[in-house]
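# An overview of the molecular structure
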Amino acid sequence: MTYVAKKCGVSFQPPSIILIYKDDSEDKTRQRIMPVRNFSKFSDCSMAAEQLKNNPRHKAYLEGVSLRQLQKLYSLLKGHLRGESLAESLEKFQEEETIDPEEDMNKLDDKELAKRKRIMDELFEKNRKKRDDPDFIYDIEVEFPQDEQLESCGWDVESGEEI
């Protein structure tokens, strides 16, 4: 049987993930409620999302749902458990998923750095021009203006003198 996910959402009372999907064998639209158990305001959203997606009971239904979307739903649920409103939880999730260009990535721990790299990879893939795109041009040549005098770098001159 193949299931096509149409919508995915979260219910706060009782805490559960709700999936609206289409069953291709019967050509019917159905709803599946997956209760969220053992999840608190201190739980890890990405780990909970992976466990739900890999659960043998729900795996076939959640194939069309991205892991990122499940993480977002779990973070909304986590925000609700902390007492935050839906708007506050969405804003907080959006802040976590954006990258500050002025941030020093050298000071981050491995987990946060991996998260930032994942966000950058997703953004790159989203903005990347592919061969199938209508505005794809294979060989682009760009002329850069040479109006100004080129500046020499101080470190380049010094290293040349030492040799």
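Here the structure is shown first, and the text comes after it.
Here's a quick rundown of the structure. (Residues numbered from 1 in each chain as written. Predicted model: local features only at pLDDT ≥ 70, side-chain atom pairs only at ≥ 80, totals over all residues. Heavy atoms only, no water.)

## A closer look at the packing of helix α2 (residues 67-82) against helix α3 (residues 86-96)
- In contact at an axis separation of 9 Å, α2 and α3 are set at 130° when each is read in the N-to-C sense. Here α2 is positioned oblique relative to α3, judged by the angle of their axes. The element α2 and its partner α3 pack so that their crossing is right-handed. On the side of α2, the interface is formed by Lys72, Ser75, Leu76, Gly79, His80 and Arg82, while α3 contributes Leu86, Ser89, Leu90, Lys92 and Phe93.
- Its residues assigned to classes, the contact of α2 with α3 comprises 4 nonpolar, 4 polar and 3 charged. (Axes fitted to C-alpha atoms, helices over the stretch in contact; angles between N-to-C directions. Helix = DSSP H or I, 4+ residues; strand = E, 2+ residues; numbered from the N terminus. Parallel < 35°, antiparallel > 145°, perpendicular 65-115°, else oblique. Left-handed = near helix turned anticlockwise from the far one by under 90°. Contact = heavy atoms within 4.5 Å. Nonpolar A, V, L, I, M, F, W, Y, C, P; charged D, E, K, R; others polar.)

## Details of the sheet that holds strand β3 (residues 28-35)
- One open sheet accounts for 3 strands, arranged β1-β2-β3; its pairing is antiparallel. Looking at which strands have only one partner, the edges of the open sheet turn out to be β1 (3-11) and β3. On average, each strand axis in the sheet is tilted by 20° relative to the strand beside it, whichever way the strands run.
- Both β1 and strand β2 (residues 16-23) contribute to a ladder of 8 bridges, which runs antiparallel. Paired with tyrosine 3 across the bridge in β2 is aspartate 23.
- Relative to β1, α2 is tilted by about 15°, and along the sheet it contacts β1 and β2. (Pairing = 2+ DSSP bridges.)

## Looking at the pairing of β2
- Between β1 and the antiparallel strand that follows it, β2, lie 4 residues.
- Sheet topology places β2 next to β3; 8 bridges connect them, and they run antiparallel. Looking at β3, one finds that tyrosine 21 is bridged to arginine 30.
- In this structure, the hairpin formed by β2 and β3 is closed by a connection of 4 residues, where aspartate 27 is found at a positive phi of approximately 55°.

## A few points about the side chain of glutamine 71
- Here glutamine 71 is to be found in helix α2.
- Residues contacting glutamine 71, with those up to four places away along its chain left out, are Cys45, Ser46 and Ala49.

## As for the pattern of salt bridges
- Within the structure shown, the criterion is met by 12 salt bridges.
- Arginine 68 is the salt-bridge partner of glutamate 122, the closest N and O atoms lying 3.4 Å from each other. Remark: arginine 68 occurs in helix α2 and glutamate 122 occurs in helix α4 (residues 110-127); sequence separation between them is 54 residues.
- Residue class for glutamate 122 comes out partly exposed when judged on its relative accessible area of 32%.
- Between glutamate 84 and lysine 92 there is a salt bridge, and its shortest N-O distance comes to 3.7 Å.
- When salt bridges with common partners are traced through the structure, they connect Arg68, Glu97, Arg118 and Glu122 into a single cluster. (Salt bridge = Lys/Arg side-chain N within 4 Å of Asp/Glu carboxyl O. Buried < 20%, exposed > 50% of the residue type's maximum accessible area, 1.4 Å probe, protein only.)

## Things to note about unusual backbone geometry
- Here the residue pair glutamine 13 and proline 14 is connected by a cis peptide bond, since its omega of -10° sits within 30 degrees of zero.
- Position of proline 14 relative to the elements: it lies in the loop between β1 and β2.
- Notably, aspartate 27 is not glycine yet its phi reads approximately 55°, a positive angle.
- By the element assignment, aspartate 27 lies in the loop between β2 and β3.
- The exposure class of aspartate 27 is exposed, given its relative accessible area of 54%.
- Phi is positive for asparagine 38, close to 55°, though the residue is something other than glycine.
- Checked against the element boundaries, asparagine 38 lands in the loop between β3 and α1 (45-54).

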